Structures are given as structure tokens and as C-alpha cells.
Amino acid sequence: MKPFKLENEPKINSGFTTPEGYFDSFTDKVLPQLSKEEPKVISIFSRRKTWYYAAAALVVMLLSVPIYNNFATSSEEVDAVALEDYINNHTTISDDEIADLLDKEDLEKMKLELNLEDEAVEDILLNNTDLEQYIID
């Protein structure tokens, strides 16, 4: 096998040649064949309009979300269950202090009326087998 050398080898001719004076008249032949239509011009400002609209929509969205949250959560009504849970878990007020703060009307509203007849009490005592466990606890 022959060693591969790039430096001293003669160059290979391609075999293709151009006719004499071909490039002298080349531009004169090609230019009439090109179309004379003006290229379509696209304004830079027409593309920017879409960016302006997108930026304006984004600003409107960013401003409307806090306003919506402000109006949606500005309810002054307090959930009764949440208030009751908070009072039960986070206060040190005793039952006597709460009773002192209530009016007679409030106490009458809270008054429970248990009208149990003797037969109903006897049925409960006979049917409930866990009464001894409740008494022990």
C-alpha cells in the first residue's frame, strides 16, 4: 500500500472549462431575466402592535387579580363554626365570665327544654348497656 502524502502530489484537474469571455457577458444575460417586482416591505411597527396589545393585556390581568381578591374576600360575616372553634381553643375566659356577659334574653334563647317522660327515661336505661362505662369514665 502506498503511503498517503498531501504535500508533494500533483493536483488533479477537474476537466471542466468555461468558454472564453463567458463571465464578461454573464451579467448582461442574467439581469434581464430577473423580475423587476418590488419586494414586500413589512413595517417594524406593525409587529410591535401585537407586543403592545400583549403587554396591555398582561398589565390589566396583573391589576385585576388583586382587585378581584379584595372584593371577593371582603365579606364581614364570620363563620359561626370557625368562631366557636377559636373561642374554645384560644381563650382563657371561664364559663362564669361568659354567663356574666350575657343578658337574660340571650340566656332564655340558649335555654334547653328537655321534656322527657318517665317511660322514655326507663327505655333509655334498659336499652343502653354502656351506662356503667359512662359512669366510670
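This is a predicted model, so every value here is computed, not measured. (Residues numbered from 1 in each chain as written. Predicted model: local features only at pLDDT ≥ 70, side-chain atom pairs only at ≥ 80, totals over all residues. Heavy atoms only, no water.)

> Just to check I follow, could you spell out the overall build of the protein chain for this structure?
For the protein chain, the helix and strand inventory stands at seven helices and zero strands. Element order for the protein chain, N to C, with α for helix and β for strand: α-α-α-α-α-α-α. Here the protein chain displays about 15100 Å² of accessible surface, and carbon together with sulfur accounts for 58% of that area. (Helix = DSSP H or I, 4+ residues; strand = E, 2+ residues; numbered from the N terminus. Areas by Shrake-Rupley, 256 points an atom, 1.4 Å probe, with all protein chains shown as cover.)

> What should I look at first to understand the packing of aromatic side chains in this one?
Both the distance between ring centres and the angle between the ring planes are used here to describe each pair of aromatic rings. On inspection of all chains with the given rule, the structure shows three aromatic pairs. Relative to Phe26, the ring of Tyr22 has its centre 5.7 Å away and its plane inclined at 45 degrees; by these criteria the two rings are tilted. On the basis of relative accessible area, Tyr22 is assigned to the partly exposed category, the value being 35%. (Phe/Tyr/Trp six-rings, centres within 6.5 Å; stacked < 30°, edge-to-face > 60°. Buried < 20%, exposed > 50% of the residue type's maximum accessible area, 1.4 Å probe, protein only.)

> For this particular structure, what's the right way to read a nonpolar patch on the surface?
A cluster of nonpolar side chains, namely Val78, Leu83, Tyr86 and Ile87, defines an oily patch on the protein surface of about 390 Å² accessible area. Along the polypeptide, Leu83 turns up in helix H3 (residues 80–90). Exposure remark for Leu83: the relative accessible area of 42% places this residue in the partly exposed category. (Patch = residues over 30% accessible without salt bridge, like charges linked within 9 Å, V, L, I, M, F, W, Y side chains within 5 Å. Salt bridge = Lys/Arg side-chain N within 4 Å of Asp/Glu carboxyl O.)

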